[in-house]
Amino acid sequence: MSRSAVLRPSYSLLTLAGLIILCTVAAFVDLPHPAATPGSLNGADVAWMLTATAFVLIMTPGLSFFYGGMVRPKNVISTMLQSFVALGVISLVWYFVGFSLAYGDSWHGLIGNPFTYIMLRNVGTAPHPLLSPGIPFVLYFAFQLKFAIITPALITGSFAERVSFKAYLAFMVLFCIFIYCPLAHWTWHPDGFLRKWGVLDFAGGTVVHISAGIASLAAAMVLGPRSIHGRKMTFLTPNVPYVILGTGLLWFGWFGFNAGSALGANGLAALAFVNTNMASAAALVAWLLIEVVRGGKPTALGACIGAVVGLVAITPAAGYVTYGQSVLIGVLAALISQAAVHWQNSRTSLDDTLDVFPCHGLGGIVGMLLTGVFADKVGLVHGSATVFGYHVLGLVIVIAFTFAGAWVLLKVTDLFFGLRVKPAQEELGLDLSQHEESTYHIDEEFEQTYRKEQVGARI
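Residues numbered from 1 in each chain as written. Predicted model: local features only at pLDDT ≥ 70, side-chain atom pairs only at ≥ 80, totals over all residues. Heavy atoms only, no water.

As annotated in an unreviewed UniProt entry, the chain carries the name Ammonium transporter and comes from Hymenobacter lucidus. UniProt lists a comment for the chain under the heading Sequence similarities (unreviewed entry), and it reads "Belongs to the ammonia transporter channel (TC 1.A.11.2) family." (UniProt positions renumbered as here; feature names shortened; annotations may be inferred.)

Written as structure tokens, this is what we have:
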């Protein structure tokens, strides 16, 4: 029996044992959870934030349909599960250490103290004076958790159809701890250095979408192209209705994503709500028009991708710009992302399976820069170059940190777990090779041959 075959079960056993120990400790350790005092909570704000948190949660299942509809039938389950499983894994990481790394006592504006809020220590129904005034601090924890969940799920579109499930789980945990949490601290913690510089990110254009897009670029480069990439073959989108359903759920959930970031039932939430819709609508229409101008027909897939690009681009700006500016942001993001998708797929050998970098990465970059241009009272159009300059500097830092960090984490993950599935597993499809589940009938002779190879590899 090979050394790798011996080691594989031990990783799972050690992880299970560790989880049991941590959960046992959490169940019996006595930690303070401050309770709200009469009059300390705003009922309307609490109701809205509970609703917004649920809205953001539905985005991750929505993403699973959005991505699942764009891969081959033999990879639908695995692709959807890669998004869905983040609901479980990241919830535990955020509870034990992630929230504290992002929002704990700041160390030089770079990272939070991991012990400040470990296992929700000092997090209860009482509000936090800076982070969650008027709402329970534990509700703020839950709201921010949903952002942490969807970010690694977004990355899965870049290496769909070829990533090992166990390696993805390991990378997801590492990404949350070493990349997402620092970025959240820099941008949203009152003492984070980007926030102190004046960098504006209303709801996650930098923390979520740029980080996911840049990490996706690194992932596509590290894993390499799929075996079918570059072949002269036609490939129809397997399930456009899934993509439409996923887009609808994402658009619906995005109202909680952006308007919820006002942290209250107020005028700022209403502004972000309308801006979110208008940018997405404008990007949807622009994407369809671009398809026609390029000599094609307007497609349902294009409408869905355009809508999501608009949602991405308005995210950092949603609470800082006017309605007209939100429309322009959506159109510009559609123009740039569509051109980038075309260039990436026709002029490069990069196999970013579902175009995460040009749509989320560049969409987020466009939104971040235009926030620095249009932001009310402080943006470039108001005569101040300071905020815009810090946005450019912040963008360079975030891109460099995320790309280098993701590259290192991917290499470490590959060393211990093997990032990419074997060629026979890729040919069979990840649904069967990783999960032994399938939604369609495959060639029985091929499956038997594959299983014999698998048995032989374990001996």
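**Student:** Quick question: what am I supposed to make of the pattern of salt bridges here?
**Tutor:** For side chains of opposite charge, pairing can occur when their charged atoms come near one another. With the rule as written, the count across this model stands at six salt bridges. Between Asp191 and Lys196 there is a salt bridge; the shortest N-O distance is 3.8 Å. Given a relative accessible area of 35%, Asp191 falls into the partly exposed group. With a relative accessible area of 60%, Lys196 lands in the exposed category. Among the charged side chains, a salt-bridge network with shared partners connects Arg72, Glu161, Arg162, Arg226 and Asp351. (Salt bridge = Lys/Arg side-chain N within 4 Å of Asp/Glu carboxyl O. Buried < 20%, exposed > 50% of the residue type's maximum accessible area, 1.4 Å probe, protein only.)

**Student:** Just checking my understanding: could you explain the packing of aromatic side chains for this structure?
**Tutor:** Describing an aromatic ring pair means giving the distance of the ring centres and the angle of the ring planes. For the coordinates displayed, the defined rule picks out 29 aromatic pairs. Ring centres of Trp94 and Phe99 lie 5.9 Å apart, and the angle between their planes is 65°; on these two criteria the pair is classed as edge-to-face. With a relative accessible area of 0%, Phe99 lands in the buried category. Geometrically, the ring pair formed by Phe202 and Tyr320 is edge-to-face, given 5.4 Å between the ring centres and 85° between the ring planes. Taken together, the residues Phe202 in the loop between α7 (193-197) and α8 (205-223) and Tyr320 in the loop between α11 (300-314) and α12 (323-347) connect sequence positions 118 residues apart. Judged by its relative accessible area of 9%, Phe202 is buried. (Phe/Tyr/Trp six-rings, centres within 6.5 Å; stacked < 30°, edge-to-face > 60°. Helix = DSSP H or I, 4+ residues; strand = E, 2+ residues; numbered from the N terminus.)

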